[in-house]
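# Understanding the architecture of this molecule
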Amino acid sequence: MALLKVKFNQKKRVKLAQGLWLMNWFSVFAGILVFSMGLFLKIELRKRSEVMDNSESHFVPNSLILMGILSCAFNGFAGKICYDSLDPTKFAKWKPLLKPYLALCLFFNTLLFFVALICFFMRGSLESTLAQGLKNGMKFYRDTDTPGRCFMKKTIDMLQIEFKCCGNSGFKDWFEIQWISNRYLDFSSKEVKDRIKSNVDGRYLVDGVPFSCCNPSSPRPCIQYQVTNNSAHYSYDYQTEELNLWRRGCREALLQYYSSMMSSMGAFVLLVWLFEMSVMVGLRLLHTSLESITNPEDPECESEGWVLENSLKDTFKSALENLKKIGKFNQVEAGAEGAEGEEGGKTQTVATVS
């Protein structure tokens, strides 16, 4: 029994073709939006590429860009088919291509669905990328005179100001690295010497943070240095005081920013996928309804359209049988080649003995 079997007359076939033509051009517009979203996400990721460890995060925008281009191409082609289906003479040239085209559409829609899922599930990979990238970026914060790293200080400062964050996972991350360049340290000072000697790696570590960690909305002047020293500040308790530094780490801030962006894009791609599936089903109904016309000379006659010629279960069984036949055919070919090789070997041996 055919799946989604529908009876059509000429009027219904014309309406279906016109509706599909319009839907295909809506899909082209949706493909342009998907392409634009991928391009926008790629630009946003490139803006912070200096604080990202690798290029894995660009898999999502690249996939969206590809899907957008394919959507425009597939739906533009389908729109032409739907338009020509109104004229039997024009539609005749498309008949041999429709089955392969529908198979490609199914493959494209499967890819589109997986791209939508990837938009939701790339959070873990993005988090590890940001964690390592920010860690490396903070290490190079002081290297303002080193070629290739001279802009890292500005990048980190602008990032912390824009996203209202501090450090990798929090402001205490700055306590574990030397973020003040040696050129700004007075090595004749006893305090500087003692701090460097007290550290195994000879680094100048302080319980302070860069100015970009300060919250300008705080009524109190920024406590940027000696953050953990209660006696260094009036009416201050490190344990209970609400610090006027940004509490949130930049990894969390960036992850939330990109995750919300990709989730919104994933939801939109899912809607596009549903729309594309409905277009594909409609195109299949149009294709079968035109092929099942009993009398081509009478365009007004009734016909039947369906999505699958047999039930879903029967179609799945026939697909498995076809795969088994292909497998057996390959085994027979391999066996025949082996037999030919053995015969050739025997012939060669006989020739050598003689």
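Bear in mind that the values here come from a model prediction, so they are computed numbers and not experimental data.

Tallied over the full model, the rule gives twelve aromatic pairs. Through pairs of rings, three or more aromatic residues link up here, namely F74, F77, Y101 and F108.

One way to put it is that helix α6 (residues 152–163) packs onto helix α8 (residues 250–291) with a least axis distance of 10 Å and a crossing angle of 65°. In this structure, α6 crosses over α8, and the sense of that crossing is left-handed. Of the residues in α8, those in contact with L159, Q160 and F163 of α6 are C250, A253, L254 and Y257. Considered class by class, the residues forming the contact of α6 with α8 number six nonpolar, one polar and no charged.

Looking now at the nonpolar core. Among the nonpolar cores identified, the biggest contains 77 residues, and L41, L64, F171, W174, V209, V227 and L254 are the most heavily contacted of them. Sorting the residues of this core by element identifies α1 (10–47), α2 (59–84), α4 (95–121), α5 (123–139), α6, α7 (190–197) and α8 as the ones contributing at least two each. In terms of residues, this core owes the most to one element, α8, which gives 15 residues. Of the residues that make up this core, three or more belong to each of domain 1 (3–137 + 252–295 + 302–307) and domain 2 (171–247).

With that settled, consider the UniProt feature "transmembrane region" (unreviewed entry) in the chain. If you check UniProt for "transmembrane region" (unreviewed entry), the listed places come out as residues 20–41, 62–81, 101–122 and 255–275 in our numbering. Structurally, residues 62–81 comprises 100% helix and 0% strand, and the distance from its first C-alpha atom to its last is 29 Å. Helix and strand shares over residues 255–275 are 100% and 0% respectively, and the end C-alpha atoms of the span are 30 Å apart.

With a phi close to 55°, K164 is a non-glycine residue in the positive phi region. Relative to the helices and strands, K164 is located in the loop between α6 and α7. In the Ramachandran plot, Q226 falls in the positive-phi region, its phi being about 50° despite a non-glycine side chain. Following the sequence through the fold, Q226 ends up in the loop between α7 and α8.

The rules behind each value
Residues numbered from 1 in each chain as written. Predicted model: local features only at pLDDT ≥ 70, side-chain atom pairs only at ≥ 80, totals over all residues. Heavy atoms only, no water. Phe/Tyr/Trp six-rings, centres within 6.5 Å; stacked < 30°, edge-to-face > 60°. Axes fitted to C-alpha atoms, helices over the stretch in contact; angles between N-to-C directions. Helix = DSSP H or I, 4+ residues; strand = E, 2+ residues; numbered from the N terminus. Left-handed = near helix turned anticlockwise from the far one by under 90°. Contact = heavy atoms within 4.5 Å. Nonpolar A, V, L, I, M, F, W, Y, C, P; charged D, E, K, R; others polar. Core = buried A, V, L, I, M, F, W, Y, C linked by side-chain atoms within 4.5 Å. Buried < 20%, exposed > 50% of the residue type's maximum accessible area, 1.4 Å probe, protein only. Domains from an automatic or database assignment. UniProt positions renumbered as here; feature names shortened; annotations may be inferred.

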